[in-house]
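Examination of the molecular architecture
Residue-level listing of the chains:
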There are 2 protein chains.
Amino acid sequence: MPLRSGPLIVPAAVMKRLPMYYRYLHALVEEGVERLSSQELSGRMGISSSQLRQDLNCFGEFGQQGYGYRIADLYQAMCQILGVEKRYKAVLVGVGNLGKALINYEGFRRRGLVVIGLFDSDENIIGQEINGLTVNNIRKLGEFIKQEQVEVGVITTPAKAAQEVADILAAGGVKGIWNFAPQPITASPEIIVENTHIGDGLLNLFYKLKEK
Amino acid sequence: MPLRSGPLIVPAAVMKRLPMYYRYLHALVEEGVERLSSQELSGRMGISSSQLRQDLNCFGEFGQQGYGYRIADLYQAMCQILGVEKRYKAVLVGVGNLGKALINYEGFRRRGLVVIGLFDSDENIIGQEINGLTVNNIRKLGEFIKQEQVEVGVITTPAKAAQEVADILAAGGVKGIWNFAPQPITASPEIIVENTHIGDGLLNLFYKLKEK
């Protein structure tokens with residue numbers, strides 16, 4: 001295992017590229033690609049080979065001069081770096097279309113997110129079965145988190161419900177919250193909050209279209 | 001209007017923060033906030049006030065010493081900067097849960113994306129009516145784009161269909177593609193492609209949980 005031991009200091013700019021490395025490496029493993037030079041690998045990712053080498057150097061020694069990278073090894077290392085090898089017990093709150101899309105997304109389970117509970121406040125949705133899980137009443141959320149020692153909460157509710165749900169998740173003891181509601185949420189500093197703003201991509205697209 | 005005229009050179013790091021500025025400013029307008037100091041505004045966004053001032057300076061003169069920013073004016077300027085004031089005719093291809101979630105997302109219309117056509121290849125989905133639009137057979141996609149002069153295509157298909165759909169969109173003459181399929185797509189350089197990887201947020205969350 002070529003990973004550096006001890007605490008790492010990884011620049012924020014490198015951290016931002018890790019998900020991209022993960023995605024490309026996973027796709028290459030699926031394709032059955034065994035080995036690529038840093039030029040070939042970086043070319044597929046649309047970055048320079050010196051950037052690729054520099055980024056990977058933050059984590060350890062990968063690849064060999066004149067031989068390139070063993071894709072499977074590099075993918076395994078990236079999984080370790082990202083902490084994707086661990087399984088996290090999760091609940092998802094807000095079982096609308098976006099919630100359903102996420103529940104069915106194969107990539108989440110592969111990355112280690114194991115959804116064990118679904119919650120909603122809508123009587124028409126409570127009781128529905130999705131992917132083998134029955135949607136529960138949100139009133140049971142706090143108790144469920146404690147009982148099952150849930151670590152991650154995914155919020156796919158409308159904006160106005162998001163903070164209230166985040167508070168229940170935090171009080172229940174989750175370590176991380178992944179928020180999709182179009183409303184940033186806050187929690188105490190010991191809880192990691194990741195806000196995913198789906199609409200940001202649209203703004204990027206429009207900005208580039210306008211600049212053209 | 002305090003916006004600079006002429007072509008702007010905006011650093012990539014600033015560009016990345018524009019969607020965040022847009023989001024916060026929109027929320028503040030909705031809240032009815034009229035005026036904030038740069039300290040108050042940057043505090044809400046979790047950045048330093050010098051960064052805020054520096055970023056906004058790329059685009060023109062905003063705010064007044066000792067008075068702060070007029071939120072409505074700043075929001076209007078941000079809309080102009082981002083090109084959100086324009087309307088774009090769009091089609092959405094792949095009407096699964098994610099597609100349905102996007103069609104119903106109020107924020108897209110507000111940002112200027114006007115979806116005028118829905119397409120799928122699944123006989124069980126074709127003919128369904130969603131938000132007043134009937135889902136069409138994907139075989140009609142190319143013709144529809146040309147006839148209606150569609151400018152943006154949104155791809156919410158499974159990974160393996162994404163590139164084929166992108167090729168149809170490109171041949172039809174769209175200017176931009178917003179891809180949600182977990183598979184990066186390619187198109188000729190004159191077409192702007194924005195790949196949104198929903199799962200990246202999960203990797204960021206796991207990385208931070210692991211580092212804690």
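In this report, we go over the structure that sits alongside the text. (Residues numbered from 1 in each chain as written. Chains lettered and ligands numbered in written order. Predicted model: local features only at pLDDT ≥ 70, side-chain atom pairs only at ≥ 80, totals over all residues. Heavy atoms only, no water.)

**What about the relation of the copies chain B and chain A?**
The cut-off we apply is this: Superposition of the copies used a least-squares fit over C-alpha atoms from residues whose pLDDT is at least 70 in both. Residue contacts are defined here by distance: any two heavy atoms, one from each residue, within 4.5 Å place the two residues in contact.
Overlaying chain B on chain A yields an RMSD of 0.0 Å, the required transformation being a rotation through 180° with an accompanying axial translation of 0.0 Å. Overall, the copies show the geometry of a two-fold rotation axis. Within chain B, N97(B) has its C-alpha nearest the rotation axis, a separation of 2.5 Å. Comparing interface residues between copies, 100% of those in chain B also lie at the interface in chain A; the contact surface is shared.

**Here's the deal with the layout of surface pockets**
Our working rule: Both cavities and pockets are sets of points on a 1 Å grid over the protein atoms alone; in a cavity a 1.4 Å probe fits but cannot get out, in a pocket the set is open with protein on both sides within 12 Å along at least five of seven lines, and lining residues sit with an atom within 4 Å of a point. Grid points are joined across faces, edges and corners, and a volume is the space filled by probe spheres set on the points. Helix and strand assignments come from DSSP, with helices taken as H or I runs of at least 4 residues and strands as E runs of at least 2, each series counted from the N terminus. Charged residues are taken to be Asp, Glu, Lys and Arg, nonpolar residues to be Ala, Val, Leu, Ile, Met, Phe, Trp, Tyr, Cys and Pro, and polar residues to be all remaining types, Gly included.
Estimated volume of the second largest pocket: approximately 920 Å³. Considering the residues around the second largest pocket, the lining is formed by 39 residues, among which Y105(A), P158(B), A159(B), A181(B) and P182(B) are closest to the centre. Elements supplying a minimum of two residues to the lining of the second largest pocket: helix 1 (12–31), helix 5 (97–103) and helix 6 (106–111) of chain A together with helix 5 (97–103) of chain B. With 8 residues, helix 1 of chain A is the largest single contributor of residues to the lining of the second largest pocket. Tallied by class, the residues present in the lining of the second largest pocket amount to 18 nonpolar, 13 polar and 8 charged.

**Structural notes on unusual backbone geometry**
Residues and elements named next belong to chain A. Convention followed: Burial classes: relative accessible area under 20% of the type maximum marks a residue as buried, over 50% as exposed, and values in between as partly exposed (1.4 Å probe, protein chains only).
A positive phi angle is found at N131, which is not glycine, with a value near 50°. In this structure, N131 sits in the loop between strand 5 (129–130) and strand 6 (133–137). For N131, a relative accessible area of 54% puts it in the exposed group.

**What about the interface of chain B and chain A?**
Stated formally: Two parts lose some accessible area (1.4 Å probe) when they are put together, and adding that loss for both gives the buried area. Put simply, a salt bridge is a Lys or Arg side-chain nitrogen that is within 4 Å of an Asp or Glu carboxyl oxygen.
Counting from both sides, the interface comprises 53 residues of chain B and, opposite them, 53 residues of chain A. Of the roughly 4900 Å² buried at the junction of chain B and chain A (both faces included), carbon and sulfur atoms supply 69%. On the chain B side of the interface with chain A, the three residues burying the most area are L203(B), F206(B) and Y207(B), jointly 14% of the side's total. Across the contact surface, chain B and chain A share 4 salt bridges. Of all elements in the fold, only helix 1 (12–31), helix 4 (71–82), helix 5, helix 6 (106–111), strand 8 (176–179), strand 9 (192–195) and helix 9 (200–211) of chain B reach the threshold of two or more residues within the side of chain B that touches chain A. Here the side of chain B that touches chain A takes 11 residues from helix 9 of chain B, the largest share from any one element. Taken together, the residues of the side of chain B that touches chain A break down into 32 nonpolar, 11 polar and 10 charged.

**Section: the sheet that holds strand 3 (residues 88–93) of chain B**
Sheet strands line up and pair through hydrogen bonds in the backbone, either parallel or antiparallel. All names here are of chain B. Test applied: The pairing criterion for strands is at least two bridges between them, as found by DSSP. As a rule, the C-alpha atoms of each element are fitted with a line to give its axis, helices using only the stretch in contact, and angles between N-to-C directions run from 0 to 180 degrees.
Taken in spatial order, the 7 strands of this open sheet run 5-6-4-3-7-8-9, and their pairing is mixed. Looking at which strands have only one partner, the edges of the open sheet turn out to be strand 5 (129–130) and strand 9. Across 4 bridges, strand 8 lies against strand 9 in parallel orientation. Across the sheet, N179 pairs through a bridge with N195, a residue of strand 9. Lying over the sheet, helix 7 (residues 141–148) contacts strand 3, strand 4 (113–120) and strand 6 (133–137), oriented at roughly 155° with respect to strand 4. Here helix 8 (residues 159–172) sits on the sheet in contact with strand 3, strand 7 (152–155) and strand 8, set at roughly 170° to strand 7.

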